[in-house]
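Here are the chains, one letter per residue:
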Amino acid sequence: MHKVDFEMVEMTLDVMKYAIGRITHPAPELGKPKKEEELKALVGETITPDGIGGERAFQLFKEVLIKATIPIDHPRHLAFVPASPTRAAVMFDLVTSASSIHGAYWMEGAGGIFCENEAMKWLVSLTGLPKGSFGVFTSGGTAANLSAMVTARENWRKNPGNVNRKGLIITSSGAHSSVKSMAKVIDCDVLLVETEEQMTAEALCETINSLDAQQRDRLFAVVATGGTTNAGIIDDLFGIAEICEAENLWFHVDAAYGGGALASKSARPLFHGIEKADSITIDPHKWLFSPYDCGAIIYKNPELAKEAHSQEGSYLEIFKDEGAHGFNPSDYQIQLTRRVRGLPLWFSLAMHGTDKYSWAVDQGIGLANLAGELINKHPLVELVREPSLSCVLFRRKGWLPQDYTHWTYKNHREGFALVTPTKYKQKGVYETVARFCFINPDTKEKDISMILDSMA
Ligand SMILES: *Cc1c(COP(=O)(O)O)cnc(C)c1O
């Protein structure tokens, strides 16, 4: 065999062996970041004119670099929004890469896009949006929110009076940072409804009524949150939907984190009103067990998204040709060339069935409730508020903010757990508290009690 080919076979086997090992290893070591200089000193020059060879590069990755990352699927990684991709989805992520599918246009990606769309139909069915509603997979919630905001703004600007107007959106202080940051991208102003719990219809109404005439003319959308990232709080979606309808405003629901809970029979009623949204963001890479990165944006009227996002170009004309007719994901969000990133979700859904997904989401909710019970029984800690979705906020009696910081670092340093504090506002006062967010169905009661005990 030719030497290069031989090396390639070896390499492939090594990589597959590693991937299989990682997929079947339920709890790899909790890694820790290192300074760039330290990493550089450990691995040396890796990009050289002649190359250092696959074996060496992979060895450095396995022995040094991967250890400077935190496996987000660790059962005691309960910080931020963790993730827990199914083994099926991870395996199929490899297949997605190996298949080299261009996911922008049906002409090139038909078979892959077909699969994405089958998974998308399930996702849309969870929302209860009317017939004709549809969506596409994006790189994440940020890109999904941006795609929706552009669509809303372009739709608003169809009115000639709005063409040169700077838009205004209303959202809550509990909304995700990406909403505020994407508003900068589209250069529109954001008005925050101050909330400690959910954004209510009354509070929204009050804010709208407080606008002057010029502001009211610029207002085109309301962004509600279907599960705040910090505390799992769901806004009054039904009430807000009614106001948006009456005021002729675009109603976007950011359910990037919470959207997975639509698959749970017990949690679904909390989202009452989401079926009236103009657009919805859901991140399968958060609570629908997909590998990074996979978000989704769903529209009640996808045609409006197409009017806003469809790209024209002479070299793209061919894609509009006869045999290429079909759904073009690039027409509905901001990205042109795209990975068929919904494919791993499709495979995993096809393999396990949708009931398994409902079960796994319910596990997260169950773990949050269990943590609530353990906290109530534990002498050192108390709940800050009842668990919501899979988020639990609690305080260690007597602790100052720096105590939470030390505790987080200590647990992480020891490779034991990653649980981070957050801030939560009650009666106008911010308090530093501890926070759990459960995604991984393999987290056990023992993991939770050990973490609580670590606050002694
Ligand atoms: C995580 C999150 C986002 C951002 O999603 P990315 O996938 O990180 O871009 C937006 N909104 C909410 C509510 C989120 O929880």
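No experiment lies behind these values; they were computed from the predicted model shown.

**Regarding the environment of phenylalanine 220**
So, step 1. Tracing the backbone shows phenylalanine 220 in strand β4 (residues 219–225).
So, step 2. Contact partners of phenylalanine 220, with chain neighbours within four places excluded, come to Met149, Ala152, Arg153, Trp156, Gly167, Leu168, Ile169, Ile186, Cys188, Leu249 and Trp250.

**Description of the nonpolar core**
So, step 1. With 87 residues, the main nonpolar core has Leu123, Phe251 and Trp287 as its most contacted residues.
So, step 2. When residues in this core are grouped by element, the largest group, nine residues, is from helix α5 (residues 106–127).
So, step 3. In this view, tryptophan 287 contacts Tyr257, Gly258, Gly260, Ala261, Val361, Gly364, Ile365, Leu389, Ser390, Phe438 and Ile439; residues no more than four positions away in its chain are not counted.
So, step 4. Ala371, Leu383, Trp407 and Phe436 belong to the second largest nonpolar core, which has 22 residues in total.

**A look at the site of the ligand**
So, step 1. Around the ligand, 13 residues are found, and the nearest of them are Gly141, Thr142, Asp254, Asp283 and Lys286.
So, step 2. Within the backbone of glycine 141, one N or O atom sits 2.8 Å away from an oxygen atom of the ligand.
So, step 3. Within the side chain of aspartate 254, a nitrogen or oxygen atom sits 2.6 Å from a nitrogen atom of the ligand.
So, step 4. Of all the secondary structure elements, the ones that give two or more residues to the shell around the ligand are α6 (141–156) and α11 (284–287).
So, step 5. The dominant element in the shell around the ligand, judged by the number of residues it contributes, is α6, at three residues.
So, step 6. Residues that form the shell around the ligand fall into these classes: two nonpolar, eight polar and three charged.

**Section: the pairing of strand β1 (residues 134–138)**
So, step 1. Most of β1 sits inside the fold, with five of its five residues counted as buried.
So, step 2. Side-chain alternation along β1 places Phe134, Val136 and Thr138 on one buried face and Gly135 and Phe137 on a second face that is also buried.
So, step 3. The sheet contact formed by β1 and strand β7 (residues 295–299) spans five bridges and is antiparallel. The residue of β7 that forms the bridge with glycine 135 is isoleucine 298.

**Details of the domain arrangement of the protein chain**
So, step 1. Domain annotation of the protein chain identifies domain 1 (3–30 + 33–69) and domain 2 (93–352).
So, step 2. Look at where the C-alpha atoms of domain 1 and domain 2 centre, and you get two points 37 Å apart.

**Quick word on unusual backbone geometry**
So, step 1. Put simply, tyrosine 292 and aspartate 293 share a cis peptide bond, and its omega is -10 degrees.
So, step 2. Non-glycine residue serine 100 carries a positive phi angle of around 45 degrees.
So, step 3. Counting through the fold element by element, serine 100 comes out in the loop between α4 (87–99) and α5.
So, step 4. We classify serine 100 as exposed; its relative accessible area is 64%.
So, step 5. Here the phi dihedral of lysine 427 falls at roughly 50 degrees; this positive angle occurs in a residue that is not glycine.
So, step 6. Of note, lysine 427 is situated in the loop between β10 (421–426) and β11 (429–437).

Reading the values: rules and limits
Residues numbered from 1 in each chain as written. Predicted model: local features only at pLDDT ≥ 70, side-chain atom pairs only at ≥ 80, totals over all residues. Heavy atoms only, no water. Helix = DSSP H or I, 4+ residues; strand = E, 2+ residues; numbered from the N terminus. Contact = heavy atoms within 4.5 Å. Core = buried A, V, L, I, M, F, W, Y, C linked by side-chain atoms within 4.5 Å. Buried < 20%, exposed > 50% of the residue type's maximum accessible area, 1.4 Å probe, protein only. Near = heavy atom within 4 Å. Polar contact = N/O pair within 3.5 Å; in protein donor to acceptor, adjacent residues only side chain to side chain. Nonpolar A, V, L, I, M, F, W, Y, C, P; charged D, E, K, R; others polar. Pairing = 2+ DSSP bridges. Domains from an automatic or database assignment.

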